[in-house]
Amino acid sequence: MKALMSLGALVGVLGLLLLGGMIFDVVPSNTVRLIEGYMPMQMLFEVGCYVLGFAGLSYMLNAMGMALPRFWQGIGFWVFLMMYLKFRVYPPIPFSVRAMYGTVGLVTVFMWVSANEEDWKKFKQPILNVLDAQTGMNRLLRYMYLVLLPILIGGFSFNAMMPKSEEPIELRTVHPAPPASTKVHGKTYTLQTSQSPYRVNPEGKYDQEYSNANIVEQGMGRLMKPNANPWDEKNQGYLKYVREGGEIFFQNCHFCHGDNLNGRGLHAFAFNPIPANFTDPGTIAQLQETFIFWRVAKGGIGLPNEGFPWASVMPPWEQHLTVDEIWKVILFEYWHTGYYPRTWD
Amino acid sequence: MMNSVTRKAGVVAATAFGVLLTSGGFGTAVFAQSGLPEGFKKGDLAPEPSADMVEAGKRVYFTKCVWCHGVDGAGDGPGADRLWPRPRNFNQGTFKIRHTASGELPLFDAKKPVPGQNDLFETVTHGLPGSAMPPWEGILSEEQRLQVLSFVTTQLVKDRKFTDKQSETQTVLQLADLKPKPATDESKKRGSELIVEKKCVECHGMEGRGDGNAFNLKDDWGFSIQPANWHKCWNFRGSRQDPYNVANIFRTFSTGVNGTPMPSFADSTSVDERWDIANFVNSLCERNALGEPLPIDPLTDKPKINFVIPSDMVEGEIPSDIDAEPWQKAPRRYVAMGGQITHKPRNFVNRIDDIWVRSLYNDKSIVYLLEWDDRTKSVAEGKLPWGPTQVNIDIKEQEPKTGESGSIAANQNNYAVYNDAIAIETPVKWKELPAPIKPRYLFGTNEQFPVDIVKWEADGSIRAFKGTGWDKDFEERDNYEETLKVLKGEWKNGRWYVMIERPLGNKKDQDYDEDTFFEVGQYIPTVFFAWDGHNGDAGRKMAVSAFYYTFMNPPVPQETYIYPVVIAFGVVLLEGWVLTRRANKKKGKTL
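**Here we look at the environment of A:Ala268**
Working step 1: When you line up the elements, A:Ala268 lands in the loop between helix 9 (254-257) and helix 10 (289-298).
Working step 2: C-beta crowding within 10 Å serves as the criterion here: with 22 such atoms nearby, A:Ala268 is assigned to the buried category.
Working step 3: In sequence terms A:Ala268 and A:His254 are 14 residues apart; their C-alpha atoms lie 9.5 Å from each other.
Working step 4: Non-local contacts of A:Ala268, meaning those with residues more than four positions away in its chain, are made with A:Cys256, A:Gly258, A:Gly263, A:Ile274, A:Pro275 and B:Thr300.

**Description of helix 5 (residues 117-132) of chain A**
Working step 1: Here helix 5 of chain A is 16 residues long and its end C-alpha atoms lie 21 Å apart, about the 22 Å a rise of 1.5 Å per residue gives.
Working step 2: Where helix 5 of chain A bends most, the angle comes to about 40°, and this point is A:Gln125, followed within four residues by the proline A:Pro126.

**Let's talk about helix 3 (residues 119-126) of chain B**
Residue and element names in this part refer to chain B.
Working step 1: Along helix 3, seven of the eight residues are buried, which leaves the element largely enclosed by surrounding structure.
Working step 2: For helix 3, every residue scored as buried is listed here: Asp119, Leu120, Phe121, Glu122, Thr123, Val124 and His126.
Working step 3: Gly127 sits one or two residues past helix 3 and shows a positive phi near 70°.

**Observations concerning the domain arrangement of chain A**
Working step 1: If you check the domain split of chain A, you get domain 1 (2-148) and domain 2 (181-337).
Working step 2: Using only C-alpha atoms to locate each centre, domain 1 of chain A and domain 2 of chain A end up separated by 45 Å.

**A short note on the interface of chain A and chain B**
Working step 1: Residue-level contacts link 58 residues of chain A with 65 residues of chain B.
Working step 2: If you list the elements that add at least two residues to the side of chain A that touches chain B, you get helix 5, helix 6 (136-161), helix 8 (238-252) and helix 9 of chain A.
Working step 3: Considering each element in turn, the side of chain A that touches chain B owes the most residues, nine residues, to helix 6 of chain A.
Working step 4: In terms of residue class, the side of chain A that touches chain B is built from 34 nonpolar, 15 polar and nine charged.

**Structural notes on the packing of helix 5 (residues 185-197) of chain B against helix 8 (residues 271-284) of chain B**
Residues and elements named next belong to chain B.
Working step 1: Packing of helix 5 against helix 8 brings their axes to within 7 Å, and their N-to-C directions diverge by 95°. As judged from the angle between their axes, helix 5 and helix 8 are roughly perpendicular. Of helix 8, the residues touching helix 5 (which contributes Ser187, Lys188, Arg190, Gly191, Ser192, Leu194 and Ile195) are Glu273, Trp275, Asp276, Ile277, Asn279, Phe280 and Ser283.

**Re the packing of helix 3 (residues 70-88) of chain A against helix 5 of chain A**
Residues and elements named next belong to chain A.
Working step 1: Packing of helix 3 against helix 5 brings their axes to within 7 Å, and their N-to-C directions diverge by 85°. With respect to each other, helix 3 and helix 5 are oriented roughly perpendicular. Taking contact as the criterion, the partners of Arg70, Phe71 and Gly74 in helix 3 are, on helix 5, Asp119, Lys122, Phe123 and Pro126.
Working step 2: Tallied by class, the residues present in the contact of helix 3 with helix 5 amount to three nonpolar, one polar and three charged.

**Section: the environment of B:Glu168**
Residues and elements named next belong to chain B.
Working step 1: Take Glu168: it is sitting in the loop between helix 4 (142-156) and strand 2 (170-173).
Working step 2: Residues Glu168 and Glu55, spaced 113 residues apart in sequence, show a C-alpha to C-alpha distance of 24 Å.
Working step 3: Leaving out residues up to four positions away in the same chain, Glu168 has contacts with Leu45, Leu105, Arg160, Lys161 and Phe162.

**Structural notes on the domain arrangement of chain B**
Residue and element names in this part refer to chain B.
Working step 1: Split into domains, chain B comes out as domain 1 (4-26 + 178-284), domain 2 (51-173), domain 3 (305-552) and domain 4 (559-591).
Working step 2: Inter-centroid distance (C-alpha atoms) of domain 2 to domain 3 is 40 Å.
Working step 3: Contacts between the two partners involve six residues from domain 2 and, on the opposite side, nine residues from domain 3.

**A look at unusual backbone geometry**
Residue and element names in this part refer to chain B.
Working step 1: Omega for the peptide link from Trp84 to Pro85 comes to 10°, which places this bond in the cis form.
Working step 2: Among the secondary structure elements, Pro85 is positioned in the loop between helix 2 (51-69) and helix 3.
Working step 3: Between Lys344 and the following residue, Pro345, the backbone shows a cis peptide bond with an omega angle of -10°.
Working step 4: We note that Asn493 has phi near 50°; this positive angle belongs to a residue other than glycine.
Working step 5: Structurally, Asn493 is set in the loop between strand 14 (485-492) and strand 15 (495-503).

**Notes on the pairing of strand 12 (residues 462-467) of chain B**
Regular strands show a simple pattern: their side chains alternate between the two faces of the sheet.
Residue and element names in this part refer to chain B.
Working step 1: Where strand 11 (residues 451-457) meets strand 12, six bridges bridge the pair, whose relative direction is antiparallel. Residue pairing across strands places Val451 opposite Gly467, the latter belonging to strand 12.
Working step 2: Direction of pairing for strand 12 relative to strand 13 (residues 475-476): antiparallel, over a ladder of two bridges. Note that in strand 13 the partner of Phe465 across the bridge is Glu476.

So, how was this worked out
- The residue numbering used here restarts from 1 in each chain and proceeds along that chain's sequence as written.
- Chains and ligands are labelled by the order in which they are written, letters from A for the one and numbers from 1 for the other.
- Selection of residues for local features in this predicted model requires a pLDDT of at least 70, selection of side-chain atom pairs for listing and counting requires 80 or more, and totals for whole chains, interfaces and linings are taken over all residues.
- What counts as a helix is a DSSP run of H or I of at least four residues, what counts as a strand is a run of E of at least two, and both are numbered from the N terminus.
- Residues with at least 20 neighbouring C-beta atoms inside 10 Å of their own are called buried, those with 12 or fewer are called exposed, and the rest are partly exposed, where every C-beta is derived from the backbone.
- Placing C-beta atoms from the backbone, we regard two residues as in contact once those atoms come within 7 Å.
- Multiplying 1.5 Å by the helix residue count minus one yields the expected span of that helix.
- We define the bend at any residue as the angle between the axes fitted to the seven residues before and including it, ending there, and the seven starting there.
- As used throughout, domain bounds are those supplied by an automatic or database domain assignment.
- Only Asp, Glu, Lys and Arg are considered charged in this grouping, and only Ala, Val, Leu, Ile, Met, Phe, Trp, Tyr, Cys and Pro are considered nonpolar; every other residue, Gly among them, is considered polar.
- To get an axis, fit a line to the C-alpha atoms, keeping to the stretch in contact for a helix; angles then go from 0 to 180 degrees between the N-to-C directions.
- For this classification, under 35 degrees means roughly parallel, over 145 means roughly antiparallel, 65 to 115 means roughly perpendicular, and everything else is oblique.
- Pairing between strands requires that DSSP locate at least two bridges from one strand to the other.

Next up, the structure:
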């Protein structure tokens, strides 16, 4: 038990040092990177590690007779949480969201320190001590609070009332509800029943299993399967069309969606919101192939009202590509990210 | 970074090699004792990567790289022609960013992913900012990056061999051992003199905006290229995602850029002089009002963007002199520009990638000061073949075929010249737009949701249009143009300075259905368009920004000073109440 706790403490201290180092630029701030697509899991894991680390640390200090009072433990943990959200998470979370997390965190800390009567007493004690001001130190503290609190709160409210020019927040629906059908180049496609004409095996039959077996592998790098190179001249069916789709992608789409389909293309920095990241499990992996067909064909200008048409520079690709080319690009996007399109059932 | 030790080292180095210096003129050879340029040492060729690494690398290459660099690595993949700069042709073994002497192969060792000792690995890791080559760190593992480079260096570099001791040498810049010289005013001043003496300004321009020789430069393959703009260090190919690091400039200047007219200056300058030049070049990169480096967004490797353009209030006339105090005090905003690639003709190679915007207003009008780098002043000769209101004009989009007459590569630096231009677009009646509906960024949505467009062109004209859709020609606006003023329209050393004044808008003098009315303390959606005449930009072939907001800062209301005092007083009362209560409670207990 003791060894386990010591280990926990070690992990916690090392992690904290690393985090502090990254925040204050002692070590490069990308020493431990948040990996795209796995970010929420990684963050949960990290915070879990820290909680374990703190538990170990507190146990160690206890054992060595240098126990930290509950009061400071509670405040310390909450401050840590706020710092983690502010400095570790990137892209940055807006203040309003951090405030929400902070409130939830505060409630959790209160629940923790008031879990039983004794703990709660221990927690309150330092506050009551300052109020009672029995010792010189506490008296000093009390006078300091008396003066500082009004100044601080006055200052905050002054800051809050100064006119500011922060960017207004605009909400938009990421995946608006699709229509039942869409008309592209004079032909109507029913979203529920249409199929990609290129998701076919070498014999030319629609074959989802065949195509799914030939997409890139999940995991670091997302590389193609060793024997499924779309650039192999002998390819027939699916992989041949993947290559053709890739050619179209790299002549038209990568400027925004990026060479790795992660929304970091050459022009991406100029646009707001930044282009969709197809490697994120929240985009094409969650959608049907025909939904993508509709979005690609109609672009930002064809978004329904809840999608805020004004903010998207996504071209209506029916102006630039044929229907076949659109299907091939979609085929390539699923191949390159290693995701299966969602099916309607 | 600049402690006294490095300063001492710099002084020692300066005196030691100062003796070796003669006049320091162009072409004066500066050699250390070994016969190598100063700061360089002989290196050994790296061992050949294992066959396994090469085979594994092939898999990475054909998943990720082939799309631009091509099946044979000749830089001719499907994406190649719509890129400028073009993807690298690996066949000749010509690589730009190196620690090795000019003309030599770069450092690459498949077993040593060490920064500073493995040029190609760092290029793949950090990408080449300002080009389409992204940073592959976080996408490919370290192992995968080494694998793909093993494949490229052994299979796709065809004219040279990384392991051939007969033909290849490695003369390596010892950058880690050369401590940067502190960027003192003296050092920067010397650097500013040296860039003239060493003729840097002939290509990079008098202010370093890359406007010196913008049209005649070609790379080894005959494709047009341009000298770097020193004011946008985040676009330096060799910036290694650390644009304000002077060592990167020192390295590029010491080793040259293979395949381009940029030579190595290792033989003609001392290390000390190179630090002076690097310090000066680094000091030119855009900084904030306090002279600090701009914060760089790690997701895009460009300066972080603030979408609100604040406009400060001025009493009386708004000055037309940029050096006047109100302009110097007005906050500058970086407005990122991308190519218009939504509708035909798409602009894949936009040469204007940012604009710096400042704004001031008084009781009658608002003024925008727009500054942007453009290597050439372009004014169309003769009359343009279309009218000012025409949007649907005969400008062709290039087919993606390298080598053919319609390709970007064939046309770059070779277009019919039109006017440089800039436009500000704001929605009309922006206050009345129902919540989800906003006009589209490109020339408005329809008659119901039109936009107000004010466009300045390099021939000195300023015009006002009404936009009702991306494919609709502009509509003239009655007499609005008479109320517009161009306070400044000057091109100097690769930069445009344009100051446009427009009325704030009032129902008496202007048309509420056509003109945008500016109100204090409100967020007014604002879009910027820019055209580079020498890039053949006209009509929809242009650079566009996202939607920004113009925000006219209101004067501070009186309540701001009153309420906080009242609140603070309230807190004092509250404190008193808590203390009394506690004291009473305790008394009650003890008594």
